[in-house]
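# Chains, contacts and geometry: an overview
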Amino acid sequence: MPSSAVIWLSATVAGIVSETPRVRTLELDVPGWPGHRAGQHLDVRLTAEDGYQAQRSYSIASAPDDGVALTVERLDDGEVSPYLVDEAREGDQVEVRGPIGGYFVWDGEEPDPVLLVAGGSGVVPLMAMARHRARAGSPAPMRLLFSSRTLEDVIYREELDELGSRGDGFEVVHTLTLEQPSGWTGYSRRIDRDLLAEVAWPASESPRVYVCGATRFVDAAADGLLELGYDARWIRTERFGATGS
Amino acid sequence: MVISRGFRGRRRDGPPDRVPPGQYLTDDFPVLSAGPTPHTPVEEWTFSIEGGAEPVSWTWDDFRALPSETFTVDIHCVTRWSKLDTVWEGVSVDTLLDAVEHDAAYAVAFCDGGYTTNLPLEDLTGGKAWVAFGYDGLPLEPEHGGPARLLVPHLYFWKSAKWVRGLGLRDEDEPGFWESNGYHLRGDPWLEQRYWGD
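What counts, and where the lines are drawn
Note that residues are indexed from 1 along each chain, following the sequence as it is written. Written order determines the labels here, with chains lettered from A and ligands numbered from 1. In keeping with the predicted nature of the model, local features appear solely for residues at pLDDT of at least 70, side-chain atom pairs appear and are counted solely at 80 or more, and the whole-chain, interface and lining totals rest on all residues. Put simply, DSSP marks the helices as runs of H or I at least four residues long and the strands as runs of E at least two long, and each gets a number from the N terminus on. Counting other C-beta atoms within 10 Å of its own, a residue is labelled buried from 20 upward, exposed at 12 or fewer, and partly exposed in the gap between, with every C-beta atom placed from the backbone. Throughout, a residue-residue contact means that the two C-beta atoms, derived from backbone geometry, are no farther apart than 7 Å. The reference for a compact globule is 2.2 Å times residues^0.38; the radius of gyration itself is calculated from the C-alpha atoms. Amino acids outside the nonpolar list (Ala, Val, Leu, Ile, Met, Phe, Trp, Tyr, Cys, Pro) and the charged list (Asp, Glu, Lys, Arg) are all regarded as polar, and Gly is one of them. Strands are treated as partners if at least two bridges between them are detected by DSSP. Domain boundaries shown here were taken from an automatic or database domain assignment. Inter-axis angles, ranging from 0 to 180 degrees, are taken between N-to-C directions of lines fitted to C-alpha atoms, where helices are fitted over the stretch in contact. In a helix, the anticipated span is given by 1.5 Å times the number of residues less one. A set of buried Ala, Val, Leu, Ile, Met, Phe, Trp, Tyr and Cys residues, joined through C-beta atoms within 7 Å, is what we mean by a nonpolar core. On a range of 0 to 100, pLDDT expresses the predictor's confidence in each residue.

### Things to note about the overall build of chain B
Check the secondary structure of chain B and you find 3 helices and 11 strands. Shown N-terminal to C-terminal, the secondary structure of chain B runs as helices and strands in the order β-β-β-α-β-β-α-β-β-α-β-β-β-β. Projecting the C-alpha coordinates of chain B onto the three principal axes gives extents of approximately 60 × 35 × 30 Å. When the 198 residues of chain B are sorted by exposure, 40% land in the buried category. In chain B, of all internal contacts separated by at least 6 residues, the share reaching a separation of at least 24 is 63%.

See the structure below:
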């Protein structure tokens, strides 16, 4: 167990990518960042001119060894996320502390198939895993089942299309739960046992599973996988509530 | 000091003597769990204390026949939300430990789903900790740890282990699940003991 403290570091916004109308990615320049594992998160601290501070945790979107990028969804009653999504510009400074968490991580060293199940912005730590797999050339088959409300709400859509078209064992399956464009060939319903039965690896392959999204989404996905014979120990979850950011 | 240009904040900090540093108030009750939600029927549920002179175990009916209390406390999650004046019903850990002869200094709470968390007995005794089975006048929901969870409100909420099934008494402090995954061994929110080294 490392004894060194996780210290606050100054971070500068070095790049901004608008992902959807409610979501954007901040690429941070963080001198002294110790590196992270795919799936970990960090704490962000904002300080106002009068010294008032607010802190929140965010999943890291970037692969290990590829800088520090956060993808943040604006929560309308939030305190930190509206600043990060609407206000922050290149050159602005925040503080970060991390990486945090040693359980919801995938290091890409095991050959077992990986199932990623994402609801909305729950895709962020799973994207770090997909990016890590692509960069590291891991041979582990990986399948992402991604539930969004509409096509416009699909975070990382182009990059996921590109990763899925490489034919290297990464697949992405979308479901749009609120509205589908004409000619939509993906799924159009909430994730349940039947949808998982069509998409998930058979239980006989003992897959590793990472589920991230809102509480009810995560419970529906995890319960469905248990019904399909998955062992509870294969399923790692990360949840966010109605508030949180 | 690093100033974030244009940040003002919403300043919902609440009473400073009740909201620890770095926390914000919420009226919701967010859920954090590392795996699927277990659904253990009370007919199959027991609560055990191991590591004393003799192992002790209660069935659900035995447990519910113990004296219980209704109490109102503030809770603080390491992910930064705090919730004030939450109302619980439960059995004091003092009542449970009274049934066991021991000279241990620490305990590990164990749970359905495999979760564990470690605590000094000092933090579990003296009317500071409960095994709670009711929340806000209703049976505790599975997503919040029902049928019963540990409740240690003066420490970060990961110490209040959901789906708790017993305590293992120990001579030494033995890191539990989150304590082995980067989180502080004790977790006092007023000292901001969030992570290793804090």
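### Regarding the overall build of chain A
The secondary structure content of chain A amounts to 5 helices and 11 strands. Since a compact globule built from 245 residues should have a radius of gyration of about 18 Å, the 18 Å found for chain A is in line with a globular shape. Projected onto its principal axes, the C-alpha positions of chain A cover 55 × 45 × 30 Å. Taking all 245 residues of chain A together, the buried fraction comes to 48%. Counted over contacts in chain A with a minimum sequence separation of 6, partners at least 24 positions apart contribute 72%.

### Considerations on the interface of chain B and chain A
For an interface, size is often stated in terms of accessible area lost upon the parts coming together. At the interface, 35 residues of chain B touch 42 residues of chain A. For the side of chain B that touches chain A, the residue count by class is 13 nonpolar, 14 polar and 8 charged.

### So, the pairing of strand β4 (residues 69-76) of chain B
Looking down a regular strand, the side chains alternate between one sheet face and the other. Residues and elements named next belong to chain B. For β4 and strand β5 (residues 81-92), the ladder comprises 7 bridges, and the chain directions are antiparallel. For isoleucine 75, the partnering residue across the bridge sits in β5 and is lysine 83. Hairpin geometry of β4 and β5 is characterised by an intervening segment of 4 residues between the two adjacent antiparallel strands and by a positive phi of about 105° at arginine 80.

### Focus: the domain arrangement of chain A
All names here are of chain A. In terms of domain boundaries, chain A breaks down into domain 1 (8-100) and domain 2 (114-240). For domain 1 and domain 2, the distance between their C-alpha centroids amounts to 24 Å. Facing 15 residues of domain 1, the contacting portion of domain 2 comprises 14 residues. Counting only elements with at least two residues in the side of domain 1 that touches domain 2, the list comes to β1 (8-20) and β5 (68-73). Of the residues that constitute the side of domain 1 that touches domain 2, the class distribution is 7 nonpolar, 5 polar and 3 charged.

### Points about unusual backbone geometry
Here the residue pair Gly98(A) and Pro99(A) is connected by a cis peptide bond, since its omega of 0° sits within 30 degrees of zero. Along the polypeptide, Pro99(A) turns up in strand β6 (residues 93-100). In the segment running from Gly146(B) into Pro147(B), the intervening peptide bond is cis, with an omega of 15°. By secondary structure assignment, the location of Pro147(B) is in the loop between β9 (138-139) and β10 (149-151).

### Observations regarding the sheet that holds strand β10 (residues 208-214) of chain A
Residues and elements named next belong to chain A. Read across the sheet, 5 strands follow the order β9-β8-β7-β10-β11 without closing on themselves; strand pairing throughout is parallel. Edge positions in the sheet fall to β9 (170-176) and β11 (235-240), since each of these pairs with one other strand and no more. Going across the sheet, the axis of each strand differs from the next one's by a mean of 10°, ignoring polarity. Pairing between strand β7 (residues 114-119) and β10: 5 bridges, direction parallel. Residue pairing in the sheet places alanine 118 in a bridge with cysteine 212 of β10. Across the sheet, helix α5 (residues 215-227) lies against β7, β8 (142-148), β10 and β11, angled at about 150° from β10, the strand it touches most.

### Observations concerning the sheet that holds β6(A)
Strand pairs in the sheet, formed through backbone hydrogen bonds, run parallel or antiparallel to each other. Residues and elements named next belong to chain A. Taken in spatial order, the 6 strands line up as β4-β3-β6-β1-β2-β5 in an open sheet, and their pairing is antiparallel. A single partner strand is all that each edge strand has here, and the edge strands are β4 (53-59) and β5. The sheet shows a mean angle of 40° between the axes of neighbouring strands, direction not considered.

### Describing α5(A)
The terminal C-alpha atoms of α5(A), which comprises 13 residues, lie 18 Å apart, in line with the 18 Å expected from a rise of 1.5 Å per residue. Just beyond α5(A), the residue with positive phi is Gly229(A), at close to 95°.

### Points about the nonpolar core
The biggest cluster of nonpolar side chains holds 113 residues, and the ones touching the most others in it are Leu116(A), Leu126(A), Ala221(A), Ala109(B) and Val131(B). Per-element tally for this core: the top contributor is helix α2 (residues 123-136) of chain A, with 7 residues. When residues of this core are assigned to domains, at least three map to each of domain 1 (8-100) and domain 2 (114-240) of chain A. With residues near it in sequence (within four places) discarded, Leu126(A) still touches Leu116(A), Ala118(A), Leu144(A), Tyr210(A) and Cys212(A).

### Overview of the confidence of the model for chain B
Averaged over every residue, the pLDDT of chain B is 96; the share at 70 or more is 99%. Reported for the predicted complex are a pTM of 0.95 and an ipTM of 0.92.

### Some points on the pairing of β6(A)
Residues and elements named next belong to chain A. By the criterion of burial, β6 is predominantly enclosed, with 6 of the 8 residues buried. As defined by bridge partners, β1 adjoins β6 across 5 bridges and the pair is classed as antiparallel. Directly across from serine 10, in β6, lies its bridge partner glutamate 95. Pairing of strand β3 (residues 41-47) with β6, which is carried by 4 bridges, proceeds in the antiparallel orientation. Within β6, the position partnered with aspartate 43 by the bridge is arginine 97.

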